[in-house]
Each structure stands twice: as C-alpha cells, then as structure tokens.
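A structural walkthrough
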Amino acid sequence: MAYDASFRVWRGNTNGGELTNYKVSVNEGEVVLDIIHRLQQTQTPDLAVRWNCKAGKCGSCSAEVNGKPALLCMTRMNTFTEDETVTVTPLRTFPVIKDLVTDVSFNYQKAREIPSFTPPEGLKPGEYRMQQVDVERSQEFRKCIECFLCQDVCHVIRDHEDNKPAFSGPRFFIRQAELDMHPLDTASRKRDAQEKHGIGLCNITKCCTEVCPEHIKITDNAIIPMKERVADAKYDPLRWLGAKIRGRQPGDVE
Amino acid sequence: MSTTEKPAASNDGTGVFSPGRARISAKTLRVDNWWVQPTITFIILLSFVIYSTWRAFANADYFSMPYLSPFYSPCLADSCPPGSQDFGSWIGSWYAWSPALIILIFPLGFRMTCYYYRKAYYRSFWMSPPACAVAEPHKKYSGETKFPLILENVHRYFFYAALVFNVVLTWDAIASFRNPQGEWGHAGLGTLFLVGNATLLWLYSLSCHSCRHAVGGRLKHFSNHPVRYKWWTMVSKLNTRHMLFAWLSLFGVAFTDFYIYLVASGAITDPRFF
Amino acid sequence: MTDFERHQYDVVVIGSGGAGLRAAIAAREAGKKTAVVCKSLFGKAHTVMAEGGIAASMGNVNDNDNWQVHFRDTMRGGKFMNNYRMAELHAKEAPDRVWELEEWGALFDRTPDGKISQRNFGGHEYPRLAHVGDRTGLELIRTLQQKIVSLQQQDEKDLGDAEAMLKVFAECTITDLLLDDEPGKGKIAGAFGYYRETGRFVVFDTAAVVVATGGIGKSFKVTSNSWEYTGDGLALAMRAGGTVLNMEFIQFHPTGMVWPLSVKGILVTESVRGDGGILKNSEGKRFMFDYIPDVFKAKYATTEEEGDRWYTDPDNNLRPPELLPRDEVARAINSEVKAGRGSPHGGVFLDIASRKSPDVIRKKLPSMYHQFKELADVDITVEPMEVGPTCHYVMGGIEVDPDTGASPSVQGLFSAGEASGGMHGSNRLGGNSLSDLLVFGRRAGLGASAYVEGLGGNKPTAKEEDITKAADRAQAPFTHEGGENPYTLHQELQQTMNDLVGIIRTDAEIKEALKRIEVLKGRIANMTVEGHRQFNPGWHLALDLQSMIIVSECVAKAALTRTESRGGHTREDFPTMESDWRVVNLICSLHGNDIEIVKQPLPIMTNELLSLFEHSELEKYLAIDELKDHPEAKR
Ligand SMILES: Cc1cc2nc3c(=O)[nH]c(=O)nc-3n(C[C@H](O)[C@H](O)[C@H](O)COP(=O)(O)OP(=O)(O)OC[C@H]3O[C@@H](n4cnc5c(N)ncnc54)[C@H](O)[C@@H]3O)c2cc1C
Ligand code: SF4
Ligand code: SF4
Ligand code: FES
Ligand code: FES
C-alpha cells in the first residue's frame, strides 16, 4: 500500500518563497499532515506548520491543499491518485509568517469587536432555564473550531484586502447569529451586523459553507437568517410601521 | 528537492497578491475542473433569459384552451384571447404590447433577488467569485451594500407577490382540467405540465429563505410558539433543497410554456387522457 | 547578550487551557495585571479536545446526587489516594463553576425542564456530566475565551486599551522560571520564553506564576494527547525547585482508535459507553463481565440483562461493567488482546451500531461519527469500532496546596489543572478533569493574586545572569555540531516509555527504561537543530524534549519505587493493592541533573469525610487502625 508521493510545498516567508518539490513515502490511512510531519522528520526539520489535535478538533492545521482551503489533519491521502502531485500552501488571505504558518490575528481582532453575551440583569447562575429547541440553533454555531478556513476562502477579503476593516467575515457572522438567537441574550445586534460588521458585503456565494470542516451551514443557517433580521430592522417598511405601532424598535425580540 | 515555480514577474498587488501574503504567482492552485459548474450555470441561465425574452415579447401562441402559459398568467390585457382572462382585464385597451411584460417583473424580481439565484449569477455571470478560492477579476467590490444591489433586501416582498402568483398558477392548473370546449372533468398532457409547474413553484416558494424567516426564523424562543416552530421545522426541511427546487421550477416554467407554445402554434396536438 | 522583550505583570499564567484561562479570569477580576502565555493559538489548548463532559453534582437528572456522592465517587475512583481536601473542594464547588459558564454564554444540552442535562459516565453513581454533544471541551474553552474577550472589551471601554489588564501571549513558549535566588531558596521573580513565530526571546517580570500547562502524554507513543503535552510545566517547576508527586499514576484510556496507524491513540469518548455502547472480543463476547474486581462487585451488574435494564431504570438496577473506572477497563482490554481474542488491528470491538438507531448515534455522538467516517472510513452506525488503550492523562503533577494552588516548596509558584497533582489520586474519573480545571484554576488565580497582594511593594527581582543562562540554554541546540535530530530522539523516547513503562509494568522493564533514558539524556544534551529561530518546529521540539526527558525519568523512577498495583499504575510483579502503600505519596524533585524520589505521607482524611463511607467499603482500602475513629468502627 505504501508508495512515494510527489509533494509541492510552499516554503518561504514575508520576503518571498517558492513551491518546492519533494518525494515522500505515504502509508495506508494517512492524512496530509502525516506527510508534512514525515517531511519534517526526514528531509526538512524546519518546515513550519501549525497543528495540535490531529483529529479535526482544534482548527490549527488550516492550509490550502491543491488550492482549496482545508484542514491538513482531515485531508486523507486516498483522496489523491498515486501519481498526482499534491500542492500544499499556506492560507492566502492572511499574511504569511513562515512556510505553512500564517498570521491570523485579523480574526482575533474581529472577535473583540463583537459585544459579548449579555444575560438579563438579575438572573443568577444556576437559575438559567432554556429549552433544548431554543438553544439548538446557536449550538450549531458553537461547534465552530475557529479554523478560519471560511475566513480564508471568503472572496470579500481574499480578493479585496481593502475590505478587511469593514468586514468581519463568516466566522463572526455565525457568532452574531449565535448571540442573536441565544434565548437569553438581551443585546441588540441586528443593525451592528450591517453597519459595523459588513454583512452586506457578503453576496451569499457559499464558499464558507463549502469549506467548513464542522459542516456548519454558515450561509443558510446564519448569514441569510441574519440578513433577514437586518432587513427586519432596517429595510422593511411594514415591519417598521408594525414596530412603531407597538412602540418597539424594528427587529426587536419576538 | 528542486524548485518549480519562480515568483511571478508581475501581478497587481491586490487580492491574493496583496503585500504580506505568501507570494504565489498562480491566481488559483485548484486543479479540479472548477470552471465547469459556473459555465453550466451560465449557459442554462443565459438560455433561459434568451428563451423567456423571446417568448415574453412574442405576444403570440401562449394560450390554447384550457392552457395558459405561465409567462402570461394572469393575463390582464384586453388583447388576451378569450378564455385566458380569468382574472379580468385590468389594463384596458390602450395597452398594445405583450401582456407578459405587465406581470413578468414579479417572478423575475423574485428569482433575481432569490438567495440561491444570487449565488448562481454572482458566481457564473459576475465571477465574484467564479468558484471558491479562485480569484475574481474585479478590482473593487462592495457586495450588496450599495445601490442597486442593496435592493436585494426587498426579497421578502417578492416572496409575498410570488405567493399570489402561485395562487393564480394553481388556478390555471385547476382550470386545465377542462377540455378545449371549456367543460370540466377532462385532462390532457398539458394538464400534467400545469400541475407539475404549480407544484414546483409552491415547493420553490415555500422553501424560500424569507419564508423560513417569516414563519418562525425571526423568533428568539421557539418554545413559546410551538405551531410556528413546527412550520419553521417543515420549511427548514424544504429549505435544504431550495437550490433543487429553484432549478426544477425554472425548468418547469420553461417547459410548460414551450409545450403550450407547441400546442398553440399547432406544431403538435395535445394528447387527451380523458 | 541576545536581545529580548520585557514585560511587567502581577500574575503570569502559563497555559491557556481550562485551568489557565479560569485562573487568569480570577486574577484579573481580583484586580491583578495578568498575562496568559501559551504555546498554541488562543482557544486551541488541549482542553478543546475534551469530549464527554464536565462532572458536577447539580442533580438535574437525578436529584439524589449531591457533593457527598460526588466526593465518594472521586475517592473510590482514585483508590483513596486522592488528596482528600482537593476532592472535597472539587465536589463542593464544581456546580457553581458550571453554572458560571452559562452566565458567560455556554450552551449546554438541556433537560426537558430547561436545566443543564447530565449524562452517565464511568465511575459516577448518577448522571453527572454536563455536556454539549461530544464537544464539551470546545464549549468550555470557547466560553472562557469569550469571557476573557469580554473583560478586554471592558478594559477597552474603561482604560482605552483592551490589553491593559489582561493580555494573551499566544504561540509563546516559556522555557524557564526565573528566581531571585538559587533554586530551593529563591522566590519566583519572572519567566523566560520565546515567541514561536519569530524565535525572539521574552522575559516576564512577575512575582507569581500559575503553571497550567497540562499533561505529559507526548512522551508516549500511543496517546490521545497533542504535541503540547510535553510536561513543560512540571519540568519548569522542578528546575525552579518545585516538587512533583504521584508521577507513576498515568491513565490509559481504554478506548483509543487503533487503526489506521496514523491516528492510533486518538480518543474515542467514554460517552459511547455511557450512551449504551458495549465492548466485545473477537468471539463476540461481552467480556467486561469477567473483569469486575472484588472492590466493585456490589456496584456493577453481573448479567447482560441487568446491565441493559440500567440504562432505562438506573434506580433499580446495577450499571454494566463497561462503565467501570478507566484503569479496570483498560487492563481488561489489554488482557483480552494478549489472550488472542483481539480485533484484526490489535484492539477490541466497541459496538454502538447494534444498540442505538443511526439517528440517535449521529445526534448524541456527532464528532465520533465524523471522526470514524473521515479518519477511518468506518460508519459507526453500521459497524463496530476497533479500540484499544491509549495514554491519556497524568494523575501526578506539581505538588500544591489544595486551597490556593501554591507550591509548598517555591514561593510565588502556583499550579492548577492537569499539571498539578493530588486531586485524582491514582486514577481520575471521566469528567472530573474539566471540573478540576475550573475549581482549581479559579483557586490558583485567587491564590496568586492574594500572594502578590501580600508582597506589597517587595517584589522579587530576577537575576540578570539567569536570563542570560536561560537564553543560552534555549539556543544551545543551534550551536552543537553533528548531534542527532530531535525527531529521532523523540521517537526513541516515546517507544521506550510505551514499551517499558506503559500500561503493565515490571521491575526489569522499568530498569531497562531508566538505562535507556540515561543514554537519551546525554544524546539530548548534544542534539543539533538546523535552520534559524523563526518558526522552527525542529527547535521547538528540541526544547520540549528537555522537559519530556525529565518527566519521563520521574515516571519511571516513581513506577519502579511503588511496588503495588493501584489505579493508573499496574505492576505485573506486584499485582495487588497494598494499604501500606496507600498512605505514601512519591515526591520527585530535581537536583542538578538527577531526579530524587522521596516518600511522603498522604494527608489523613478528616473523620467527617471518612464517615461518608461505609466501614465495610473502607476496609478494602484502608488499614484497620486508620479506621478506628469511624462511627461504625468495632471497638
Ligand atoms: C481527547 C481527550 C478527551 C478528554 N475528555 C475529557 C472529558 O470529557 N472530561 C474531562 O473532564 N476531561 C477530559 N479530558 C482531559 C482534559 O481535557 C484535560 O485534562 C484538560 O483539558 C487539561 O486542561 P489544562 O487546563 O490543565 O491544560 P490544557 O488545556 O492542556 O492547556 C495547557 C496549556 O499550556 C500551554 N503550555 C504548555 N507548555 C507551555 C509552555 N512551556 N509555555 C507556554 N505555554 C505552555 C499550552 O499551550 C496550553 O495552552 C480529555 C483529554 C483528552 C486528551
Ligand atoms: S457566503 Fe458570504 S461570507 Fe460566505 S464566503 Fe461567500 S461572501 Fe463570504
Ligand atoms: S465556521 Fe467552520 S470554517 Fe469557519 S472557522 Fe468555524 S469551523 Fe472553521
Ligand atoms: S490539528 Fe487540530 S484540526 Fe488539524
Ligand atoms: S431564497 Fe430563493 S426564493 Fe427566497
């Protein structure tokens, strides 16, 4: 079952770099990360790569394999033919640090711009009561392992560096959706989604959903519902009228 | 170990070539046939646009008792042939163009602002992006934040309109259980087309994201609204197939119209079942 | 002198797992300027991998549960070697720590009446584990991470700088603790480390360090642990004069994946068994019924029928033996495989497919379903899994004061989480780690804050020459020529530990291991690293290896010393549990290059706590004269 595979790995740093060819052996059941480790062990000990769990749980080993954003530890070698050259590069939306490692601080910055969970005042720990049906939607989004593959693939920032300040990205749209759908969150988040986080820049082309290793339905279950909620709050004259009559803000909790 | 690729001699320094990012000369390193899907989408959508433009402007061969083409329904002009004006002639006699043009804005607007079709045409027509992790050709991008694309936010109103149209087209399907003389209790191959068309349109509209939002999606506490939660659950199930229904209903409309065109123009005769 | 960056903090927390983050939150909330330093990115610490749940006797599912029951279970699981005070604090405070997570945004699975749902787990008498599907650790880490972000947002509002009071230094490895005097005499004065990204050195001036660096599994070949688990914190503490205890107790989780080879060791959560999964050998036999030890005979079902009834009617039936504490199950699997009744790839079968419907399996065990689907091409709703023991958790760790997490031997050194020892005795119950992280993380954060408070203006200062020494030590692997590559040495160490100090141990094998460790020590001291300091994994491993070798030696020496079998320490040549050994903690410390082991008496449980147990049960573990004050004692 073992064979020698051709690999092309991007080596370099901010000053430049190149795709470098390697021949390396592959055994049954292995994933791309195993091969990268084998390269470290046998050919190039300083090849930089991030990883932790090797089980698709931590979201560290994000890179691009044959041009597609993927977790190295979850990309099985048997998805390639034996004579295929496998190309591995760092994420191409974020600044590179070295080899396969990129600077993902953009995402931590954006995380800090979203107001935290805001429980109702006076509710004491231990007194929280929530129904399973009410938490399920948000639970889907909390499966996120912060691999940032969705952020990487999103053309809004991948292809337009200048949009970075205005756009939080799919990972943080699901975070907003999570909080907006949280049965006990009291903050109002809909206008922010549009005005501060740039959900309007998303054109729902669904690449984020395609790459999400946790199979979170980012577009269908978070972005589009958020866009609809934004429409409730900002673009729907009838709801505006309805809210005024009931003396509320459009887009308030129902 | 050897080096295969030299850094690109020139690139425009934006997008994946922005300063700081790994310097890779290729716009995409995808090796699969990523262009196949947008190309197919492009061809089909374009064919539909050409076909429907021709048919909408044709102003002919859209009615053959009891079948009215969905492109022309409801037929609201005086020029509509007798038997096709089930909803009256509101427009009057001054109107000389094709009656399809009066109403097509609604189904067209519905599909143009549909979350699925947006994806489809942004990818295949606008190439923004053509496929995932394939660089788009545009220098600037403002998504749906500016006129005219900010208007995509009115999708829900087109959805409400679509429901009205579905009622009309359902009526057309029911009305097709007649014979050419207008007697009830008969059906032909055209009936199947109209029934199929109406069914697919219902599936398409009910699986709409705005519908999902309206029936229950906007709620914070499902547990306080058990009935709406049930609706939401059902619509959510349909919603996972929204793309499928979008295509099927598109084909449904086109083939129904084409069938009626064939019958109305006399190219074929409608086989009658009973 | 190499250049370095320098920061001043009141408290520096090493580690951003559950323990580290909880400690940092406590320190920050106590008003201390706090840094969190961690080897990987923020939110990726090992805790994300925890699956099954977090144990707390909230009594939401069975209201018979309370802290006393939890305490008893914990002590039984640890074979009465736990530090009783830690077990007591843990059982009492765990519910508050879980509830507090909800306040910070955690979304646990719910009971029908809207409370936090709790699931069954090995060794826990009642359903006790709060959980979110099988990704509880992720929920815990993300919640704490988001709590930290919210504190930073507050600081941004109040002070104009989000990182003014609480800053995370991600991808930064601490390689030395700095003292104001010799190890053994000095107080903590700072910490020295390097940024993985750039290789640049950094010094933290701080009076209090909380070591929350997690475990040591990477010294073993087959392990559920990630590369982070190199035992750095233990080595840091020992080099600074701290002591480490119970290192012979290592938990081998009974169910790790065994195939394909590249994922061998990856954990299969115990919830599979908690939710109805059963273990079978190649003959199709549910073999666990043959392995119920005497001390547990009264607590476990003896027939399959009764075991099966328990899932639906736990009050009137005994639980199936698949849910025995982990050490028992791991040993049983080991024996089955040795007896030739193993699965094709050297494990046994774990079957949930024939017990639950595919929908239920996918709903309750989503990550297990994906893990097997994607890594092994096995559909667990149709086929059984192949599983075998994997090195999972170290019960031993830095010796601490139960109430404050303070090291008894080095002032200013605190520890919590898997890096600290004592709480779990000789064997940890599933779910007791996540709660341990929160309870003692918070206590260590508070302890460190109080210590700094107590110092007033008298903060110890690090010796400059120590900084230079630390920098030299870190760079040494670049200066050696012709030495071996760290990857090879790491593999050899892992193989040695796995084969010779693994799940079943003998005197001869451990001695052989020690011999090899001695040789490896020399080779490690001379290894060579290529390239430069910018994100260089070879170099990172080289430095981590220096921790692993110290820790491995502790494990081997302690294992050699303890001539009995108990919990996570099984000696083939001394197969029984001895009450004389129960009262002995083995304490390791570092002197120059040598590990020294001393015996220290285990703290004696208060009579109040002792009375929570029946005399007849205690007799199995304790010597008769230890029981003379028990209310049922026969005079
Ligand atoms: C697969 C798996 C499943 C588990 N499931 C459960 C479960 O269901 N229930 C349960 O209770 N327990 C479970 N456990 C055990 C539990 O997850 C761990 O014991 C616990 O997470 C340890 O947390 P910690 O805070 O001590 O350290 P960790 O979360 O491991 O964090 C250690 C931190 O220290 C940092 N660090 C280490 N060395 C250095 C250094 N030199 N410099 C700077 N930083 C450093 C690391 O970067 C990391 O941030 C499981 C463990 C595994 C492996
Ligand atoms: S759907 Fe929106 S957020 Fe997701 S990748 Fe596309 S543009 Fe980005
Ligand atoms: S949403 Fe999915 S792709 Fe995006 S960061 Fe989270 S896990 Fe990764
Ligand atoms: S290493 Fe954790 S997701 Fe790949
Ligand atoms: S989303 Fe497609 S029709 Fe509304």
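Residues numbered from 1 in each chain as written. Chains lettered and ligands numbered in written order. Predicted model: local features only at pLDDT ≥ 70, side-chain atom pairs only at ≥ 80, totals over all residues. Heavy atoms only, no water.

1. Some thoughts on the sheet that holds strand S8 (residues 172-179) of chain C
All names here are of chain C. Stated precisely, the cut-off is as follows: Only strands that DSSP links by at least two bridges are regarded as paired with each other. Only DSSP runs of H or I with at least four residues qualify as helices, and only runs of E with at least two residues qualify as strands; both kinds are numbered from the N terminus onward. To define axes, lines are fitted to C-alpha atoms, for helices over the stretch in contact only, and angles between the resulting N-to-C directions are given on a 0 to 180 degree scale. Any pair of residues with heavy atoms lying within 4.5 Å of one another is described as a contacting pair.
As summarised here, the arrangement of the four strands in space is S1-S10-S9-S8, forming an open sheet in which the pairing is mixed. What marks the edges here is a single partner per strand, and that holds for strand S1 (4-8) and S8. Going across the sheet, the axis of each strand differs from the next one's by a mean of 25°, ignoring polarity. Packing of helix H12 (residues 464-479) onto the sheet brings it into contact with S1, S8, strand S9 (188-195) and strand S10 (201-205), and relative to S8 it is tilted by some 145°.

2. Let's talk about the state of the cysteines
Worth spelling out the cut-off: Working definition: a disulfide is two cysteine sulfur atoms within 2.5 Å of each other. Here the term buried applies to any residue with accessible area under 20% of the maximum for its type, exposed to any over 50%, and partly exposed to those in between, with areas from a 1.4 Å probe on protein chains only.
If you walk through the whole model with that rule in mind, you get two disulfides over all chains. Here Cys 207 of chain A pairs with Cys 132 of chain B through a disulfide, and the sulfurs are 2.1 Å apart. Negative torsions about the S-S bond denote left-handed disulfides, and the value of about -90° found for Cys 207 of chain A with Cys 132 of chain B makes this one left-handed. In this pair, Cys 207 of chain A is assigned in helix H8 (residues 207-211) and Cys 132 of chain B in the loop between helix H4 (115-124) and helix H5 (155-175), connecting two distinct chains. For Cys 132 of chain B, a relative accessible area of 5% puts it in the buried group. Through a disulfide, Cys 75 of chain B is tied to Cys 80 of chain B; the S-S separation comes to 2.2 Å. Handedness of the Cys 75 of chain B-Cys 80 of chain B disulfide follows from its S-S torsion of about -85°: it is left-handed. On the basis of relative accessible area, Cys 75 of chain B is assigned to the buried category, the value being 1%. Cys 80 of chain B sits in the buried class, given a relative accessible area of 4%. Cysteine Cys 554 of chain C remains unbridged, with the sulfur of Cys 588 of chain C as its closest cysteine sulfur at 4.0 Å.

3. Considerations on the interface of chain A and chain B
Interface size, as often reported, equals the accessible area lost upon joining of the parts. For clarity, the threshold we go by: Here, a salt bridge means any Lys or Arg side-chain nitrogen found within 4 Å of an Asp or Glu carboxyl oxygen. N or O atoms within 3.5 Å of each other form a polar contact, as long as, within protein, one can give a hydrogen and the other can take it, and as long as residues adjacent in sequence are counted only when both atoms are side-chain atoms. In the scheme used here, Gly and all other residues not listed as nonpolar or charged are polar, with Ala, Val, Leu, Ile, Met, Phe, Trp, Tyr, Cys and Pro taken as nonpolar and Asp, Glu, Lys and Arg as charged.
Each partner contributes to the interface: chain A provides 71 residues, whereas chain B provides 63 residues. In this structure, Glu 228 of chain A and Arg 156 of chain B form a salt bridge, with 3.0 Å as the shortest nitrogen-oxygen distance. Remark: the boundary between chain A and chain B carries 47 residue pairs in polar contact (both at pLDDT 80 or more). Counting residues per element, the side of chain A that touches chain B draws most heavily on helix H9 (residues 218-234) of chain A, at nine residues. In terms of residue class, the side of chain A that touches chain B is made up of 26 nonpolar, 20 polar and 25 charged.

4. Describing empty space enclosed by the protein
Put simply, the rule is: The rule is simple: put a 1 Å grid over the protein atoms alone, call a set of points where a 1.4 Å probe fits but cannot get out a cavity, call an open set with protein on both sides within 12 Å along at least five of seven lines a pocket, and count a residue as lining if it has an atom within 4 Å of a point. Grid points are joined across faces, edges and corners, and a volume is the space filled by probe spheres set on the points.
Applying the stated criterion across every chain yields a total of twelve cavities of 30 Å³ or more. Lining the largest cavity are 49 residues, with His 46, Thr 47, Tyr 229, Glu 418 and Ser 433 of chain C sitting closest to its centre.

5. What about the site of ligand 3?
Definition in use: The criterion for a residue being near a molecule or strand is simple. One of its heavy atoms has to lie within 4 Å of it.
Every residue lining ligand 3 is accounted for by Cys 144, Ile 145, Glu 146, Cys 147, Phe 148, Cys 150, Ile 174, Cys 212, Pro 213, Glu 214 and Ile 218 of chain A. Per-class residue counts for the shell around ligand 3 are nine nonpolar, no polar and two charged.

6. Comments concerning a nonpolar patch on the surface
The cut-off we apply is this: Exposure above 30% relative accessible area and no salt bridge define the residues that can form patches, which grow by joining like charges within 9 Å and nonpolar side chains of Val, Leu, Ile, Met, Phe, Trp and Tyr within 5 Å. All accessibility values rest on the Shrake-Rupley procedure with a 1.4 Å probe; residue burial counts only the protein chains present in the view.
On the surface, a nonpolar cluster with roughly 860 Å² of combined accessible area is contributed by Phe 87, Trp 171, Ile 174, Phe 177, Trp 184, Leu 192, Val 195, Phe 273 and Phe 274 of chain B. Considering the arrangement of structural elements, one finds Leu 192 of chain B in helix H6 (residues 189-206).

7. What to know about the interface of chain A and chain C
Cut-off, in case you're wondering: Buried area is a sum: the accessible area each of two parts loses on coming together, probed at 1.4 Å, counted once for each and added.
At the interface, 61 residues of chain A touch 66 residues of chain C. Where chain A abuts chain C, roughly 5,300 Å² becomes buried across the two surfaces, and 51% of that area is made up of carbon and sulfur atoms. When the buried area of chain A at its contact with chain C is split by residue, Lys 57, Arg 112 and Arg 142 of chain A rank highest and sum to 16% of it. There are seven salt bridges connecting chain A and chain C. The partner of Arg 142 of chain A in a salt bridge is Glu 139 of chain C, and the shortest N-O contact between them spans 2.5 Å. Summed over the shared surface of chain A and chain C, the number is 44 residue pairs in polar contact (both at pLDDT 80 or more). The set of elements that each furnish at least two residues to the side of chain A that touches chain C consists of helix H1 (32-42), strand S6 (96-98), helix H2 (105-112), helix H3 (132-142) and helix H6 (170-181) of chain A. Ranked by residues supplied to the side of chain A that touches chain C, first place goes to H3 of chain A with six residues. A breakdown of the residues in the side of chain A that touches chain C according to their chemical character gives 27 nonpolar, 16 polar and 18 charged.

8. What to know about the sheet that holds strand S4 (residues 54-55) of chain C
Each strand in a sheet pairs with another by means of backbone hydrogen bonds, the pair being arranged parallel or else antiparallel. All names here are of chain C. Pairing in this open sheet of three strands is antiparallel, and the strands run S4-S6-S5 from one edge to the other. Bordering the open sheet on either side are S4 and strand S5 (118-119), each of which pairs with just one other strand. Relative to strand S6 (residues 129-130), S4 is paired through two bridges, and the arrangement is antiparallel. What sits directly across from Ile 54, in S6, is Ala 130.

9. Structural notes on the arrangement of the chains
Of all two pairs of chains in contact, the one with the most contacts involves chains A and B. Taking C-alpha atoms only, the smallest gap left between chain B and chain C, which are not in contact, amounts to 11 Å.

10. Details of the confidence of the model for chain B
Threshold: The quantity called pLDDT is the predictor's confidence in a given residue, expressed from 0 to 100.
Looking at chain B as a whole, the pLDDT averages 93, with 96% of positions reaching at least 70. Here residues 1-10 of chain B scores under 50 on pLDDT; set against residues more than four positions off or in separate chains, the count is 20 contacts.

11. Considerations on the site of ligand 1
Residue and element names in this part refer to chain C. The criterion, for reference: A molecule is said to be in a cavity or pocket once over half of its atoms fall within 2 Å of that pocket's grid points.
Close contacts around ligand 1 come from 40 residues, with Thr 47, Glu 228, Tyr 229, Asp 232 and Glu 418 the closest. A molecule is said to occupy a pocket when more than half its atoms come within 2 Å of that pocket's grid points, and by this definition ligand 1 occupies the largest cavity. Those elements giving two or more residues to the shell around ligand 1 turn out to be helix H1 (18-29), S8, strand S16 (385-394) and helix H11 (432-455). Of the residues contributing to the shell around ligand 1, the split by class is 15 nonpolar, 19 polar and six charged.

12. Description of unusual backbone geometry
The amide bond that connects Ser 128 of chain B to the next residue, Pro 129 of chain B, takes the cis arrangement and shows omega of 0°. Mapping Pro 129 of chain B onto the fold places it in the loop between H4 and H5. Positive phi values are uncommon outside glycine, yet Lys 206 of chain A reaches one of about 70°. Assignment of secondary structure puts Lys 206 of chain A in the loop between helix H7 (190-195) and H8. For Asn 59 of chain B, which is not glycine, the phi dihedral falls at a positive 55°. Inspection of the secondary structure assignment puts Asn 59 of chain B in the loop between helix H1 (36-58) and strand S2 (63-64). According to the relative accessible area criterion, Asn 59 of chain B is partly exposed, its value standing at 29%.

13. Comments concerning the nonpolar core
Operational definition: Joining through side-chain atoms within 4.5 Å is the link that ties buried Ala, Val, Leu, Ile, Met, Phe, Trp, Tyr and Cys residues into a set, and such a set is a nonpolar core.
Residues Phe 7 and Leu 72 of chain A together with Leu 177 and Met 247 of chain C are the most contacted members of the largest nonpolar core, which totals 265 residues. Per-element accounting of this core gives the leading share, 14 residues, to helix H15 (residues 537-561) of chain C. Residue contacts for Leu 177 of chain C: discarding those within four places in its chain leaves Ile 14, Ile 188, Gly 190, Ala 191, Val 209, Leu 236, Ala 237, Ala 240 and Leu 413 of chain C.

14. Observations regarding the packing of H5 of chain B against H6 of chain B
Residue and element names in this part refer to chain B. The condition is simple: Comment on the angle field: the value is read as roughly parallel under 35 degrees, roughly antiparallel over 145, roughly perpendicular from 65 to 115, and oblique elsewhere. Each helix crossing is assigned a hand: it is left-handed if the near helix lies turned anticlockwise from the far helix by less than a right angle, otherwise right-handed if that turn is clockwise.
Where H5 meets H6, the axes come as close as 9 Å, and the angle between the chain directions of the two elements is 160°. In terms of their interaxial angle, H5 and H6 are classed as roughly antiparallel. Considering the relative orientation of H5 and H6, their crossing is left-handed. When H5 is examined against H6, the residues Phe 159, Leu 163, Asn 166, Val 167, Leu 169, Thr 170, Asp 172 and Ala 173 are found in contact with a partner set consisting of Leu 194, Val 195, Ala 198, Leu 201, Trp 202 and Ser 205. Residue composition of the contact of H5 with H6, grouped by class: ten nonpolar, three polar and one charged.

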